[in-house]
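Okay, here's what each chain looks like letter by letter:
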Amino acid sequence: MKFKTTPYHLDLLKDEDRLSAFFEAISEYDGNTDLAYDLGCGSGVLSYFLKDKFDEIISIEINKKTYDCAKDNLAVFDNIEVVNSDVLEYEFTKKADLIVCEMLDTALIDEEEVPILNHVRKFLKKNGKIIPQGIINTAELVNLERHNIHWDEGVNYEVFSKPLVFCELDFLDEINPEVEVDMSLKATKEGLINGLKITSFTKLNDNLIVGPLPMLNPPLLIPLDEKEIKVNDLINVNLKYIMGNGIESIQTQYY
Ligand SMILES: C[S@@+](CC[C@H](N)C(=O)[O-])C[C@H]1O[C@@H](n2cnc3c(N)ncnc32)[C@H](O)[C@@H]1O
């Protein structure tokens with residue numbers, strides 16, 4: 001099937017590993033199939049994957065141009081209703097068996113995944129599921145070439161520690177968007193550090209975890225004050241951010 005899209009959503013469609021991960025997670029879903037919500041449906045591709053499983057799919061998209069594409073793409077499927085609305089303003093009247101919500105970004109800082117899920121979880125049936133079902137975040141000490149917060153998209157940096165898991169979220173749980181973590185990272189070599197690399201692993205379902213992909217959570221590189229370190233030094237870093245409030249909410253300091 002040929003999809004009408006905006007340029008951004010075309011890039012999302014071109015990332016075949018991202019698409020196949022979602023396709024697999026939706027194909028493996030084995031719960032009840034009365035109603036699914038596709039929140040932030042974009043071009044409608046995930047609703048398209050849901051169409052043969054569910055009696056009813058409600059697909060919500062905030063952006064009018066994107067909504068127009070999804071509405072056209074999904075017009076032939078009688079069981080899909082496409083709605084142009086902010087999920088936070090939509091009047092939910094029914095509980096769903098499955099919520100699909102791909103508003104992901106690295107550590108969920110820049111996009112609205114967490115505020116949206118905190119808002120809609122009450123419209124999920126008792127044994128309902130969410131795809132993706134969670135996220136795992138890791139941190140590493142690095143030396144960065146650039147001194148602003150940026151994504152790992154063709155930039156150079158050197159890694160000075162093993163990854164440390166500092167956060168694991170299950171989307172079925174109520175999530176406090178305000179994150180503050182103290183972490184001790186052990187240096188694996190000597191040199192100058194000036195940053196943290198944050199990597200997110202997306203848990204699509206119990207069997208499927210995907211690491212960063214070009215259009216799914218490229219690692220985030222965050223500056224720290226410069227520090228000379230030796231092998232086996234424990235470097236204590238305090239990291240704060242608010243999920244859904246943007247990368248401007250990130251604060252780091254040594255403690
Ligand atoms: C990363 S894209 C995913 C699109 C599509 N689900 C896919 O997987 O290709 C996230 C989409 O969520 C939409 N979105 C963001 N915030 C929203 C909100 N509050 N309500 C509804 N849609 C929203 C964006 O416009 C964008 O199309």
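Rules used throughout
Residues numbered from 1 in each chain as written. Predicted model: local features only at pLDDT ≥ 70, side-chain atom pairs only at ≥ 80, totals over all residues. Heavy atoms only, no water. Domains from an automatic or database assignment. Buried area = accessible area lost by both parts, 1.4 Å probe. Salt bridge = Lys/Arg side-chain N within 4 Å of Asp/Glu carboxyl O. Polar contact = N/O pair within 3.5 Å; in protein donor to acceptor, adjacent residues only side chain to side chain. Helix = DSSP H or I, 4+ residues; strand = E, 2+ residues; numbered from the N terminus. Nonpolar A, V, L, I, M, F, W, Y, C, P; charged D, E, K, R; others polar. Buried < 20%, exposed > 50% of the residue type's maximum accessible area, 1.4 Å probe, protein only. Contact = heavy atoms within 4.5 Å. Pairing = 2+ DSSP bridges. Axes fitted to C-alpha atoms, helices over the stretch in contact; angles between N-to-C directions. Parallel < 35°, antiparallel > 145°, perpendicular 65-115°, else oblique.

1. What about the domain arrangement of the chain?
On domain assignment, one finds that the chain holds domain 1 (7–102) and domain 2 (134–254). Taken over C-alpha atoms, the centre of domain 1 sits 30 Å from the centre of domain 2. Both faces combined, the contact of domain 1 with domain 2 buries some 860 Å², and carbon together with sulfur accounts for 72% of it. The largest share of the area that domain 1 buries against domain 2 comes from D15, A21 and E28, three residues that together contribute 39% of it. Counting every contact that joins domain 1 to domain 2 gives zero salt bridges. Linking domain 1 to domain 2 there are two residue pairs in polar contact (both at pLDDT 80 or more). Listing elements by their share of the side of domain 1 that touches domain 2, those giving two or more residues are α1 (7–14) and α2 (16–28). Element by element, the count of residues in the side of domain 1 that touches domain 2 is highest for α2, at seven residues. Its residues placed into classes, the side of domain 1 that touches domain 2 shows five nonpolar, no polar and seven charged.

2. Quick notes on helix α5 (residues 113–120)
Of all eight residues in α5, six are buried, a share of seventy percent or more. Inspection of α5 places E113, V114, I116, L117, N118 and V120 among the buried residues, and these make up the whole buried set. Tucked into the core, α5 has its buried residues touching β1 (35–39), β4 (96–101) and β5 (124–131).

3. Examining the sheet that holds strand β14 (residues 234–242)
With antiparallel pairing, the three strands of this open sheet are ordered in space as β10-β14-β15. Sheet topology places β10 (178–186) and β15 (251–254) at the edges, where each strand pairs with a single neighbour. The sheet shows a mean angle of 20 degrees between the axes of neighbouring strands, direction not considered. Bridge count for β14 against β15 is four bridges, and the pairing is antiparallel. The residue of β15 that forms the bridge with L239 is T252.

4. Comments concerning the packing of α1 against α2
Contact pair α1 / α2: the axes reach a minimum separation of 5 Å and the direction vectors enclose 70 degrees. Judged on the interaxial angle alone, α2 and α1 are roughly perpendicular. Across from L12, L13 and K14 in α1, the residues of α2 making contact are E16, R18 and L19. Looking at the contact of α1 with α2 residue by residue, the class counts come to three nonpolar, no polar and three charged.

5. Considerations on the pattern of salt bridges
All chains considered together, the criterion is met by 10 salt bridges. In this structure, D34 engages K125 in a salt bridge whose closest nitrogen and oxygen atoms are separated by 3.2 Å. Here D34, found in the loop between α2 and β1, pairs with K125, found in strand β5; they are 91 residues apart in sequence, far enough to count as distant. Notably, a salt bridge pairs D97 with K125, separated by 3.0 Å at the nearest N-O pair. With a gap of 28 residues between them, D97 in strand β4 and K125 in strand β5 connect regions that are remote in the sequence. What makes D97 buried here is its relative accessible area of 3%. Under the relative-accessibility criterion, K125 is labelled partly exposed at 27%. Members of the salt-bridge network, linked through shared partners, are D34, D97 and K125.

6. Quick notes on the sheet that holds β5
One open sheet accounts for five strands, arranged β3-β2-β1-β4-β5; its pairing is parallel. What marks the edges here is a single partner per strand, and that holds for β3 (80–84) and β5. Going from strand to strand, the sheet's axes swing by 20 degrees on average, the running direction of each strand aside. Of the strand pairs in this sheet, β1 and strand β2 (residues 56–61) are connected by five bridges, and their pairing is parallel. In the strand pairing of β2, Y37 is matched with I58. Contacting β2 and β3, helix α4 (residues 64–73) runs over the sheet at an angle of about 165 degrees to β3.

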